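# Fold and geometry: a report
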Amino acid sequence: MELQFFKYQGTGNDFVIIDNRQDIFPKNNTKLVAELCDRRFGIGADGLILLENDNVSDFKMVYYNADGAESTMCGNGGRCLVAFAHYLGVIERKTTFNAVDGLHEATVEGDIVNLKMIDVDKIHEKQNHSFLDTGSPHHVQLVKELEKFDVQKEGKKLRYGIYGESGSNINFVEQTSDNAFDVRTYERGVEGETFSCGTGVTAVALAMHESGKTAANEVHIHTIGGDLTISFEKKDGKYSNIFLKGPAIQVFKGTIECSI
Ligand SMILES: N[C@@H](CCC[C@H](N)C(=O)O)C(=O)O
């Protein structure tokens, strides 16, 4: 079967996106998703996203990690899917769409997508790290000399060591100013470092605010793949109106022959 696909990237976190409004994609074929995401034998991506019809919102997001398994929320993927829905003409400037963690609002302005994330009311503060769920689970840890840090080795160790088979994404962070941080992320399901992680940088911004490293309600994060801004409010111990803002860009489109 010839499958039409689109390739998007959001600060270097890259995705194969498929318009599945006609229900053409075999959703339980883990092997096929992994093959399409393979950087040598397939298109190559950190994950695959389906855009589907939804009864209560403009569209539905279904997200798979590069290993082929369906997973929890992807912030950069959500931003890319909004850009794709805009490209298809499914939405205009504003949207509400459904994802695994519930409804998300978003706006598009040129290449910039501003995505509302789920509220966060629990941040577990441990001795040398924080743990929180921003739609996906995230470990947040400050380190020195982030540029030289072995994210692959240390990320893998923590991902399995502390969090077991279901795992967590692991973010390593270095503060660069009052309201700015550099972040590198080891992503579960990719089982390696990605150029950026949207739910990850959101987790970093909230964890740094919670621990008093920043007093700002707008935090700037630099990742290998580019810059993202996270804004939020904190009231009665709960973080709400959390927005993840940054570029989401179509890289190419094409067709691929696959045996379904
Ligand atoms: N890259 C994503 C996170 C994708 C999900 C993650 N790998 C998981 O399985 O928890 C993002 O931008 O948020």
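Residues numbered from 1 in each chain as written. Predicted model: local features only at pLDDT ≥ 70, side-chain atom pairs only at ≥ 80, totals over all residues. Heavy atoms only, no water.

Identification of the chain as Diaminopimelate epimerase from Flagellimonas chongwuensis is taken from an unreviewed UniProt entry. Under the UniProt heading Subunit (unreviewed entry), the note attached to the chain is "Homodimer." Regarding the chain, the UniProt comment filed under Function (unreviewed entry) reads as follows: "Catalyzes the stereoinversion of LL-2,6-diaminopimelate (L,L-DAP) to meso-diaminopimelate (meso-DAP), a precursor of L-lysine and an essential component of the bacterial peptidoglycan." (UniProt positions renumbered as here; feature names shortened; annotations may be inferred.)

Of regular secondary structure, the chain possesses 4 helices and 17 strands. Expected size for 260 residues packed as a compact globule is a radius of gyration near 18 Å; at 17 Å, the chain falls within 12% of this value. With the principal axes as the frame, the chain shows a C-alpha extent of 50 × 40 × 25 Å. Buried positions account for 51% of the 260 residues belonging to the chain. If you take every contact in the chain between residues at least 6 apart in sequence, the share linking residues at least 24 apart comes to 61%. The averaged location of the 38 negative side-chain charges in the chain is 3 Å from the averaged location of its 27 positive side-chain charges. (Helix = DSSP H or I, 4+ residues; strand = E, 2+ residues; numbered from the N terminus. Rg over C-alpha atoms; globule rule 2.2 N^0.38 Å. Buried < 20%, exposed > 50% of the residue type's maximum accessible area, 1.4 Å probe, protein only. Contact = heavy atoms within 4.5 Å. Lys, Arg positive; Asp, Glu negative; His and termini not counted. Charge placed at Lys NZ, Arg CZ, Asp CG, Glu CD.)

Below, the discussion takes up the site of the ligand. Near the ligand there are 16 residues, and of these Ser71, Gly75, Asn169, Gly198 and Thr199 occur at the shortest range. Interatomic distance of 2.9 Å between a backbone N/O atom of Asn76 and an oxygen atom of the ligand. At 2.6 Å, a side-chain N or O of Thr199 approaches an oxygen atom of the ligand. Elements represented by at least two residues in the shell around the ligand include exactly strand S4 (60–65), helix H2 (75–88) and helix H4 (198–210). Tallied by class, residues from the shell around the ligand come to 4 nonpolar, 10 polar and 2 charged. When residues of the shell around the ligand are assigned to domains, at least three fall in each of domain 1 (2–117 + 248–257) and domain 2 (123–244). (Near = heavy atom within 4 Å. Polar contact = N/O pair within 3.5 Å; in protein donor to acceptor, adjacent residues only side chain to side chain. Nonpolar A, V, L, I, M, F, W, Y, C, P; charged D, E, K, R; others polar. Domains from an automatic or database assignment.)

Time to look at the domain arrangement of the chain. Bring the parts together and some accessible area is lost; that lost area is often taken as the interface size. The domains assigned to the chain are domain 1 (2–117 + 248–257) and domain 2 (123–244). The centre of domain 1, based on its C-alpha atoms, is set 22 Å off from the matching centre of domain 2. The partner domain 2 presents 24 residues to the 22 residues of domain 1 that form the contact. Summed over both partners, the interface of domain 1 with domain 2 buries about 1,600 Å², with 50% contributed by carbon and sulfur atoms. For domain 1, the biggest contributors to the area lost against domain 2 are Thr11, Lys116 and Met117; these three give 35% of the whole. Taken together, domain 1 and domain 2 are joined by 0 salt bridges. Broken down by secondary-structure element, the contributors of at least two residues to the side of domain 1 that touches domain 2 are S4, H2 and strand S7 (112–116). Among the elements that take part in the side of domain 1 that touches domain 2, S7 stands out by supplying 4 residues, more than any other. (Buried area = accessible area lost by both parts, 1.4 Å probe. Salt bridge = Lys/Arg side-chain N within 4 Å of Asp/Glu carboxyl O.)

Applying the stated rule across the entire model yields 10 aromatic pairs. Pairing Phe59 with Phe97 gives two aromatic rings, centres 4.9 Å apart and planes at 5 degrees, and the pair type is stacked. Of this pair, Phe59 sits in the loop between strand S3 (47–52) and S4 while Phe97 sits in strand S5 (residues 94–99), and the two are 38 residues apart along the sequence. Phe97 matches Phe59 in its accessibility class, with the two residues each being buried. A connected cluster of aromatic rings, assembled from ring pairs, spans Phe6, Tyr8, Phe84 and Tyr87. In this structure, Arg159 is placed above the aromatic ring of Tyr160, and the distance from its NZ or CZ to the ring centre is 4.1 Å. (Phe/Tyr/Trp six-rings, centres within 6.5 Å; stacked < 30°, edge-to-face > 60°. Lys NZ or Arg CZ within 6 Å of the ring centre and 35° of its normal.)

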